[in-house]
Amino acid sequence: MSTIFRRFSWLLLTAALSAAPLAAPLRAQAQTTEIRVAMLAPSALLWLHAIAKDQGFYAERKIAVKELIAGSSPTLLQAVSSGSVEAGMSLGDVVIRAIDQGAPVIMTGAILEKTVLRLVGGTGVSTIKELGGSTVTAGAVEGGTANMLRFQLQRAGVDPRSVKMVALTNSKDRVVALGNGQVKGALLIAPFDTMAEREKMPILDVYKEPYVQTPLIVNRPWAEKNRDAAVGLTKALQKAAVWIYDPANKQKAIDILASFTNVPADICAESYAFIVDQQKAIGRNLEVSAASLENIIKIDQAIGANPASSKPFDLSRYYDASYLAAK
(Lines give C-alpha, C1' and ligand atoms only; values in the text may rest on other atoms or scores of the structure.)
Protein backbone atom coordinates (compact mmCIF):
# COMPACT_ATOMS: atom_id res chain seq x y z
CA MET A 1 0.00 0.00 0.00
CA SER A 2 1.26 3.49 -0.89
CA THR A 3 2.59 5.68 1.88
CA ILE A 4 -0.19 8.18 1.14
CA PHE A 5 -2.59 6.06 3.18
CA ARG A 6 -0.25 5.67 6.14
CA ARG A 7 -0.01 9.41 6.71
CA PHE A 8 -3.48 9.82 8.08
CA SER A 9 -4.61 9.17 11.63
CA TRP A 10 -7.55 6.87 12.18
CA LEU A 11 -9.35 9.48 14.31
CA LEU A 12 -12.87 8.46 15.29
CA LEU A 13 -12.94 5.50 12.94
CA THR A 14 -10.22 3.59 14.77
CA ALA A 15 -12.11 3.79 18.04
CA ALA A 16 -15.28 2.65 16.36
CA LEU A 17 -13.54 -0.33 14.81
CA SER A 18 -11.32 -1.36 17.71
CA ALA A 19 -13.75 -3.97 18.94
CA ALA A 20 -14.89 -5.14 15.50
CA PRO A 21 -13.49 -8.23 13.76
CA LEU A 22 -11.87 -7.61 10.39
CA ALA A 23 -12.84 -10.73 8.51
CA ALA A 24 -16.41 -11.45 7.44
CA PRO A 25 -19.45 -9.22 8.11
CA LEU A 26 -21.45 -9.90 11.22
CA ARG A 27 -24.97 -11.33 11.24
CA ALA A 28 -27.38 -8.86 12.85
CA GLN A 29 -30.23 -11.36 12.54
CA ALA A 30 -30.54 -14.86 11.17
CA GLN A 31 -31.23 -13.59 7.65
CA THR A 32 -29.74 -10.08 7.81
CA THR A 33 -26.16 -9.25 6.92
CA GLU A 34 -24.53 -6.38 8.78
CA ILE A 35 -22.32 -4.17 6.60
CA ARG A 36 -19.97 -1.69 8.19
CA VAL A 37 -20.03 1.48 6.06
CA ALA A 38 -17.56 4.32 6.64
CA MET A 39 -18.88 7.80 5.96
CA LEU A 40 -18.23 11.44 6.78
CA ALA A 41 -20.32 13.61 9.11
CA PRO A 42 -24.04 13.97 8.28
CA SER A 43 -24.71 16.24 5.29
CA ALA A 44 -26.44 16.13 1.92
CA LEU A 45 -23.62 13.86 0.72
CA LEU A 46 -25.40 11.10 2.63
CA TRP A 47 -28.99 11.97 1.71
CA LEU A 48 -29.58 8.70 -0.17
CA HIS A 49 -28.23 6.72 2.76
CA ALA A 50 -30.62 8.50 5.13
CA ILE A 51 -33.51 7.74 2.76
CA ALA A 52 -32.55 4.07 2.39
CA LYS A 53 -32.54 3.72 6.19
CA ASP A 54 -35.79 5.59 6.74
CA GLN A 55 -37.72 3.90 3.95
CA GLY A 56 -36.53 0.40 4.72
CA PHE A 57 -34.66 -0.12 1.45
CA TYR A 58 -31.73 -1.73 3.25
CA ALA A 59 -34.07 -4.01 5.16
CA GLU A 60 -35.74 -5.08 1.93
CA ARG A 61 -32.34 -6.33 0.78
CA LYS A 62 -31.78 -8.07 4.12
CA ILE A 63 -28.84 -5.89 5.10
CA ALA A 64 -28.23 -3.72 8.15
CA VAL A 65 -25.85 -0.80 7.71
CA LYS A 66 -23.62 0.03 10.66
CA GLU A 67 -22.50 3.66 10.32
CA LEU A 68 -18.89 4.43 11.21
CA ILE A 69 -17.86 8.09 11.03
CA ALA A 70 -14.43 8.86 9.59
CA GLY A 71 -12.58 12.09 10.33
CA SER A 72 -11.41 12.57 6.73
CA SER A 73 -11.83 11.11 3.26
CA PRO A 74 -8.34 9.53 3.17
CA THR A 75 -9.04 7.90 6.55
CA LEU A 76 -12.32 6.56 5.16
CA LEU A 77 -10.60 5.20 2.07
CA GLN A 78 -7.93 3.50 4.13
CA ALA A 79 -10.58 1.77 6.24
CA VAL A 80 -12.31 0.30 3.18
CA SER A 81 -9.01 -0.58 1.50
CA SER A 82 -7.71 -2.44 4.55
CA GLY A 83 -10.93 -4.38 5.06
CA SER A 84 -11.60 -2.75 8.43
CA VAL A 85 -15.00 -1.87 6.97
CA GLU A 86 -16.78 -3.44 4.05
CA ALA A 87 -17.91 -0.28 2.23
CA GLY A 88 -17.76 3.51 2.27
CA MET A 89 -19.18 6.72 0.85
CA SER A 90 -16.05 8.58 -0.16
CA LEU A 91 -14.87 11.40 -2.46
CA GLY A 92 -14.23 10.70 -6.13
CA ASP A 93 -10.71 12.08 -6.44
CA VAL A 94 -9.50 10.16 -3.39
CA VAL A 95 -10.84 6.90 -4.82
CA ILE A 96 -9.22 7.45 -8.23
CA ARG A 97 -5.81 8.04 -6.64
CA ALA A 98 -6.17 5.04 -4.35
CA ILE A 99 -7.14 2.61 -7.10
CA ASP A 100 -4.26 3.78 -9.28
CA GLN A 101 -1.93 3.03 -6.38
CA GLY A 102 -3.28 -0.49 -5.98
CA ALA A 103 -5.97 -0.15 -3.32
CA PRO A 104 -8.39 -3.12 -3.47
CA VAL A 105 -11.54 -0.99 -3.76
CA ILE A 106 -14.04 -0.38 -6.54
CA MET A 107 -16.92 2.03 -7.14
CA THR A 108 -20.32 0.36 -7.47
CA GLY A 109 -22.34 3.53 -7.99
CA ALA A 110 -22.39 7.33 -7.92
CA ILE A 111 -24.31 8.65 -4.94
CA LEU A 112 -23.67 12.16 -6.29
CA GLU A 113 -22.79 12.37 -9.98
CA LYS A 114 -22.51 16.15 -9.85
CA THR A 115 -21.06 18.35 -7.14
CA VAL A 116 -23.36 19.87 -4.55
CA LEU A 117 -20.70 22.35 -3.46
CA ARG A 118 -21.42 26.02 -4.15
CA LEU A 119 -18.90 28.84 -3.97
CA VAL A 120 -20.23 31.43 -1.51
CA GLY A 121 -18.92 34.95 -0.99
CA GLY A 122 -18.39 36.40 2.46
CA THR A 123 -19.27 39.74 3.98
CA GLY A 124 -18.85 42.56 1.45
CA VAL A 125 -18.15 40.24 -1.51
CA SER A 126 -20.49 40.37 -4.51
CA THR A 127 -18.47 38.83 -7.40
CA ILE A 128 -16.00 35.98 -7.73
CA LYS A 129 -13.33 38.35 -9.08
CA GLU A 130 -13.23 40.05 -5.68
CA LEU A 131 -11.70 36.87 -4.21
CA GLY A 132 -8.36 37.56 -5.88
CA GLY A 133 -5.64 38.00 -3.22
CA SER A 134 -7.98 37.02 -0.37
CA THR A 135 -8.25 34.14 2.07
CA VAL A 136 -10.61 31.34 1.03
CA THR A 137 -11.48 27.80 2.09
CA ALA A 138 -12.63 24.61 0.43
CA GLY A 139 -12.44 22.60 3.63
CA ALA A 140 -9.02 21.10 2.95
CA VAL A 141 -6.10 22.90 1.32
CA GLU A 142 -5.26 20.06 -1.07
CA GLY A 143 -7.26 17.46 -2.97
CA GLY A 144 -10.42 17.46 -5.04
CA THR A 145 -12.46 20.19 -3.34
CA ALA A 146 -9.48 22.53 -3.07
CA ASN A 147 -8.70 21.96 -6.75
CA MET A 148 -12.35 22.59 -7.62
CA LEU A 149 -12.19 25.99 -5.91
CA ARG A 150 -8.94 26.86 -7.66
CA PHE A 151 -10.49 25.85 -11.00
CA GLN A 152 -13.56 28.01 -10.41
CA LEU A 153 -11.33 30.98 -9.63
CA GLN A 154 -9.20 30.37 -12.71
CA ARG A 155 -12.27 30.03 -14.94
CA ALA A 156 -13.47 33.43 -13.70
CA GLY A 157 -10.14 35.09 -14.46
CA VAL A 158 -8.73 35.03 -10.92
CA ASP A 159 -5.19 33.72 -10.45
CA PRO A 160 -5.63 30.83 -7.98
CA ARG A 161 -2.04 31.37 -6.82
CA SER A 162 -3.08 34.79 -5.48
CA VAL A 163 -5.39 33.39 -2.81
CA LYS A 164 -4.51 31.93 0.57
CA MET A 165 -6.22 28.61 1.20
CA VAL A 166 -7.00 27.72 4.82
CA ALA A 167 -8.33 24.45 6.23
CA LEU A 168 -11.82 24.51 7.78
CA THR A 169 -13.21 21.00 7.53
CA ASN A 170 -16.46 21.68 9.38
CA SER A 171 -19.10 23.27 7.16
CA LYS A 172 -20.68 25.24 10.01
CA ASP A 173 -17.27 26.70 10.83
CA ARG A 174 -16.97 27.88 7.23
CA VAL A 175 -20.27 29.74 7.49
CA VAL A 176 -19.05 31.46 10.66
CA ALA A 177 -15.72 32.31 9.01
CA LEU A 178 -17.53 33.90 6.07
CA GLY A 179 -19.65 35.97 8.41
CA ASN A 180 -16.81 37.31 10.56
CA GLY A 181 -14.49 38.04 7.65
CA GLN A 182 -11.95 35.29 8.41
CA VAL A 183 -12.41 34.13 4.82
CA LYS A 184 -13.84 35.92 1.79
CA GLY A 185 -15.00 32.84 -0.08
CA ALA A 186 -15.86 29.24 0.73
CA LEU A 187 -17.15 26.09 -0.91
CA LEU A 188 -20.21 24.99 1.04
CA ILE A 189 -22.33 21.88 0.88
CA ALA A 190 -26.07 21.77 1.43
CA PRO A 191 -27.74 22.70 3.66
CA PHE A 192 -24.97 25.00 4.91
CA ASP A 193 -24.88 27.00 1.68
CA THR A 194 -28.51 27.96 2.26
CA MET A 195 -27.69 28.97 5.84
CA ALA A 196 -25.06 31.34 4.42
CA GLU A 197 -27.50 32.70 1.83
CA ARG A 198 -29.91 33.60 4.62
CA GLU A 199 -27.14 35.65 6.16
CA LYS A 200 -27.08 37.68 2.90
CA MET A 201 -23.99 35.93 1.52
CA PRO A 202 -24.10 35.50 -2.28
CA ILE A 203 -23.68 32.34 -4.34
CA LEU A 204 -20.78 33.18 -6.65
CA ASP A 205 -20.41 30.03 -8.75
CA VAL A 206 -21.51 26.42 -9.25
CA TYR A 207 -19.71 23.76 -11.28
CA LYS A 208 -22.47 22.09 -13.31
CA GLU A 209 -20.64 19.44 -15.36
CA PRO A 210 -20.60 15.70 -14.48
CA TYR A 211 -18.32 15.14 -11.48
CA VAL A 212 -18.61 12.18 -9.13
CA GLN A 213 -18.39 13.93 -5.80
CA THR A 214 -19.53 10.95 -3.74
CA PRO A 215 -19.16 7.38 -5.01
CA LEU A 216 -20.20 4.24 -3.19
CA ILE A 217 -17.13 2.04 -2.79
CA VAL A 218 -16.64 -1.52 -1.55
CA ASN A 219 -13.67 -3.59 -0.53
CA ARG A 220 -13.17 -5.83 -3.57
CA PRO A 221 -12.17 -9.07 -1.81
CA TRP A 222 -15.14 -8.73 0.54
CA ALA A 223 -17.57 -7.93 -2.30
CA GLU A 224 -16.39 -10.90 -4.35
CA LYS A 225 -17.00 -13.25 -1.41
CA ASN A 226 -20.24 -11.56 -0.32
CA ARG A 227 -21.75 -10.52 -3.63
CA ASP A 228 -25.37 -10.63 -2.49
CA ALA A 229 -24.62 -8.18 0.33
CA ALA A 230 -22.63 -5.86 -1.97
CA VAL A 231 -25.42 -5.93 -4.55
CA GLY A 232 -28.00 -5.33 -1.82
CA LEU A 233 -26.19 -2.24 -0.55
CA THR A 234 -25.83 -0.83 -4.06
CA LYS A 235 -29.40 -1.57 -5.12
CA ALA A 236 -30.87 -0.10 -1.90
CA LEU A 237 -29.15 3.20 -2.64
CA GLN A 238 -30.21 2.98 -6.28
CA LYS A 239 -33.82 2.66 -5.11
CA ALA A 240 -33.34 5.72 -2.90
CA ALA A 241 -32.06 7.66 -5.93
CA VAL A 242 -35.20 6.80 -7.90
CA TRP A 243 -37.41 7.54 -4.87
CA ILE A 244 -36.09 11.06 -4.28
CA TYR A 245 -37.04 12.20 -7.80
CA ASP A 246 -40.70 11.23 -7.35
CA PRO A 247 -42.55 14.51 -6.65
CA ALA A 248 -44.82 12.63 -4.25
CA ASN A 249 -41.82 12.02 -2.00
CA LYS A 250 -40.51 15.60 -1.96
CA GLN A 251 -41.70 16.63 1.51
CA LYS A 252 -40.69 13.33 3.06
CA ALA A 253 -37.22 13.63 1.50
CA ILE A 254 -36.87 17.12 2.97
CA ASP A 255 -37.96 15.89 6.39
CA ILE A 256 -35.45 13.03 6.24
CA LEU A 257 -32.56 15.40 5.47
CA ALA A 258 -33.68 17.77 8.24
CA SER A 259 -33.71 14.97 10.78
CA PHE A 260 -30.44 13.48 9.57
CA THR A 261 -28.51 16.78 9.62
CA ASN A 262 -30.39 18.47 12.50
CA VAL A 263 -31.12 21.45 10.25
CA PRO A 264 -34.56 23.17 9.97
CA ALA A 265 -36.83 21.70 7.29
CA ASP A 266 -37.33 25.02 5.50
CA ILE A 267 -33.58 25.22 4.88
CA CYS A 268 -33.54 21.61 3.68
CA ALA A 269 -36.39 22.49 1.28
CA GLU A 270 -34.06 24.96 -0.42
CA SER A 271 -31.39 22.26 -0.54
CA TYR A 272 -33.89 20.04 -2.35
CA ALA A 273 -34.57 22.80 -4.85
CA PHE A 274 -30.87 23.09 -5.66
CA ILE A 275 -29.71 19.47 -5.49
CA VAL A 276 -32.72 17.68 -6.97
CA ASP A 277 -34.54 20.24 -9.12
CA GLN A 278 -31.74 22.49 -10.39
CA GLN A 279 -28.42 20.65 -10.27
CA LYS A 280 -29.91 17.15 -10.58
CA ALA A 281 -26.82 16.07 -8.70
CA ILE A 282 -28.16 12.69 -7.62
CA GLY A 283 -27.84 10.16 -10.41
CA ARG A 284 -31.27 8.77 -11.21
CA ASN A 285 -29.87 5.28 -11.62
CA LEU A 286 -26.66 5.67 -9.58
CA GLU A 287 -24.55 5.02 -12.70
CA VAL A 288 -20.98 6.31 -13.02
CA SER A 289 -20.23 7.94 -16.38
CA ALA A 290 -16.78 8.25 -17.89
CA ALA A 291 -17.14 12.04 -18.07
CA SER A 292 -17.89 12.28 -14.35
CA LEU A 293 -14.48 10.82 -13.51
CA GLU A 294 -12.53 12.33 -16.40
CA ASN A 295 -13.62 15.84 -15.34
CA ILE A 296 -12.00 15.32 -11.93
CA ILE A 297 -8.69 14.61 -13.69
CA LYS A 298 -9.15 17.48 -16.17
CA ILE A 299 -9.73 19.98 -13.36
CA ASP A 300 -6.46 18.91 -11.70
CA GLN A 301 -4.63 19.29 -15.00
CA ALA A 302 -6.18 22.71 -15.73
CA ILE A 303 -4.81 24.24 -12.54
CA GLY A 304 -1.42 22.52 -12.77
CA ALA A 305 -2.02 20.21 -9.81
CA ASN A 306 -0.82 16.64 -9.58
CA PRO A 307 -3.71 14.92 -11.40
CA ALA A 308 -5.86 12.34 -9.66
CA SER A 309 -4.66 9.93 -12.35
CA SER A 310 -1.88 10.03 -14.93
CA LYS A 311 -2.80 6.70 -16.52
CA PRO A 312 -4.73 6.25 -19.78
CA PHE A 313 -8.36 6.49 -18.72
CA ASP A 314 -10.30 3.24 -18.40
CA LEU A 315 -13.67 3.48 -16.66
CA SER A 316 -13.66 -0.21 -15.72
CA ARG A 317 -10.54 0.31 -13.60
CA TYR A 318 -12.59 2.40 -11.18
CA TYR A 319 -16.20 1.28 -11.63
CA ASP A 320 -17.89 -2.13 -11.76
CA ALA A 321 -21.36 -1.71 -13.26
CA SER A 322 -22.36 -5.31 -12.56
CA TYR A 323 -23.55 -4.51 -9.03
CA LEU A 324 -26.14 -2.05 -10.35
CA ALA A 325 -27.11 -4.39 -13.18
CA ALA A 326 -27.83 -7.28 -10.80
CA LYS A 327 -31.39 -8.13 -9.77
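One structure accompanies this document, and this report is about it. (Residues numbered from 1 in each chain as written. Predicted model: local features only at pLDDT ≥ 70, side-chain atom pairs only at ≥ 80, totals over all residues. Heavy atoms only, no water.)

A word on the overall build of the protein
This is how it is decided: Helix and strand assignments follow DSSP, with helices taken as H or I runs no shorter than four residues and strands as E runs no shorter than two, numbered in order from the N terminus. A radius of gyration in this sense is built from C-alpha atoms; the matching globule rule multiplies 2.2 Å by the number of residues raised to 0.38. Exposure categories follow from relative accessible area, calculated using a 1.4 Å probe and restricted to protein chains: below 20% of the type maximum is buried, above 50% is exposed, and the middle band is partly exposed. Contacts were defined at the residue level, with two residues in contact if any of their heavy atoms lie within 4.5 Å. Per-residue accessibility takes into account occlusion by the displayed protein chains alone, with areas from the Shrake-Rupley method and a 1.4 Å probe. For the purpose of counting charges, residues Lys and Arg are taken to be positive, whereas Asp and Glu are taken to be negative. His and the chain ends are not included. Positions of charges follow a simple convention, taking NZ of Lys, CZ of Arg, CG of Asp or CD of Glu.
Check the secondary structure of the protein and you find 15 helices and 11 strands. In terms of C-alpha radius of gyration, the protein reaches 19 Å, essentially the compact-globule figure of 20 Å for 327 residues. A principal-axis box enclosing the C-alpha atoms of the protein has dimensions of 60 × 45 × 35 Å. Here the protein holds 327 residues, and the buried ones make up 56% of them. Counted over contacts in the protein with a minimum sequence separation of 6, partners at least 24 positions apart contribute 80%. Carbon together with sulfur atoms contributes 51% to the accessible area of the protein, which is approximately 13,400 Å² in total. Mean positive and mean negative side-chain charge positions of the protein (35 and 29 charges, respectively) differ by 3 Å.

Quick look at the packing of helix H5 (residues 92–100) against helix H13 (residues 290–302)
What counts here: The axes are straight lines fitted to the C-alpha atoms, using for helices just the contacting stretch, and the angles between their N-to-C directions are given from 0 to 180°. With respect to orientation, any angle under 35 degrees is reported as roughly parallel, any angle over 145 as roughly antiparallel, any angle of 65 to 115 as roughly perpendicular, and every other angle as oblique.
Between H5 and H13, the shortest axis-to-axis distance is 10 Å and the interhelical angle comes to 90 degrees. The orientation of H5 relative to H13 falls into the category roughly perpendicular. Contacts between H5 and H13 pair Gly92, Asp93, Ile96 and Arg97 from the former with Leu293, Ile296 and Asp300 from the latter.

Re the sheet that holds strand S6 (residues 117–121)
Going by this rule: Criterion used throughout: strands pair if DSSP finds at least two bridges between them.
Spatial strand order, S8-S7-S9-S6-S10: five strands in an open sheet with mixed pairing. Each edge of the open sheet carries a strand with a single partner, namely strand S8 (164–165) and strand S10 (203–206). In the sheet, strand S7 (residues 135–137) pairs with strand S9 (residues 185–189) via two bridges, with the strands oriented parallel. For Val136, the partnering residue across the bridge sits in S9 and is Gly185.

Digging into the pattern of salt bridges
To keep things clear, this is the line we draw: Definition used for salt bridges: Asp or Glu carboxyl oxygen within 4 Å of a side-chain nitrogen of Lys or Arg.
Taken as a whole and judged by the stated rule, the model has 11 salt bridges. Its salt-bridge partner being Arg36, residue Glu86 comes within 2.4 Å of it at the nearest N-O pair. Placement of the pair is Glu86 in the loop between helix H4 (73–82) and strand S4 (87–89) and Arg36 in strand S2 (residues 32–39), with a sequence separation of 50 residues. Like Glu86, the residue Arg36 is buried in the burial classification. A salt bridge links Asp193 to Arg118, with the shortest nitrogen-to-oxygen separation between them at 2.8 Å. With Asp193 in helix H8 (residues 192–197) and Arg118 in strand S6, the pair connects residues that are 75 residues apart, well separated along the chain. Like Arg118, Asp193 is buried. Residues joined by salt bridges that share partners form a network here, namely Arg118, Asp193 and Glu197.

Concerning helix H10 (residues 227–244)
For clarity, the threshold we go by: The span expected for a helix works out to 1.5 Å for each residue beyond the first.
Relative to the 26 Å expected for 18 residues at 1.5 Å per residue, H10 spans 26 Å between its end C-alpha atoms, a close match to the ideal helical length. In terms of burial, H10 is a largely internal element, 14 of the 18 residues being buried.

Considerations on the nonpolar core
Heads up, the rule is: In these notes, a set of buried Ala, Val, Leu, Ile, Met, Phe, Trp, Tyr and Cys residues joined through side-chain atoms within 4.5 Å is what counts as a nonpolar core.
Core analysis: the biggest nonpolar cluster contains 119 residues, and Leu48, Ile244 and Ile275 have the highest contact counts within it. Other than its neighbours up to four places away in sequence, Ile244 contacts Trp47, Leu48, Ile51, Ala253, Tyr272, Val276 and Ile282.

Regarding the packing of aromatic side chains
Any two aromatic rings considered together are summarised by their centre-to-centre distance and by the angle between their planes. Let me state the cut-off plainly: Side-chain rings of Phe, Tyr and Trp (the six-membered ring for Trp) are treated as a pair once their centres are within 6.5 Å; stacked means planes under 30 degrees apart, edge-to-face means over 60, and tilted covers the remaining angles. A ring is scored as having a charge over it whenever the NZ atom of a lysine or the CZ atom of an arginine sits within 6 Å of its centre and within 35 degrees of its normal.
The full count for this structure, using the stated rule, is four aromatic pairs. The interplanar angle of 80 degrees and the centroid separation of 6.0 Å between the aromatic rings of Phe151 and Tyr207 together place this pair among those described as edge-to-face. Here Tyr207 lies in the loop between S10 and strand S11 (214–219) and Phe151 lies in helix H6 (residues 144–155), a separation of 56 residues in the sequence. Each of the two residues, Phe151 as well as Tyr207, counts as buried. Counting every residue linked through ring pairs, the aromatic cluster contains Phe151, Tyr207 and Tyr211. It is Arg227 that lies over the ring of Tyr323; its NZ or CZ is 4.5 Å from the centre. Sitting over the ring of Tyr245, Arg284 keeps its end group 4.0 Å from the ring centre.

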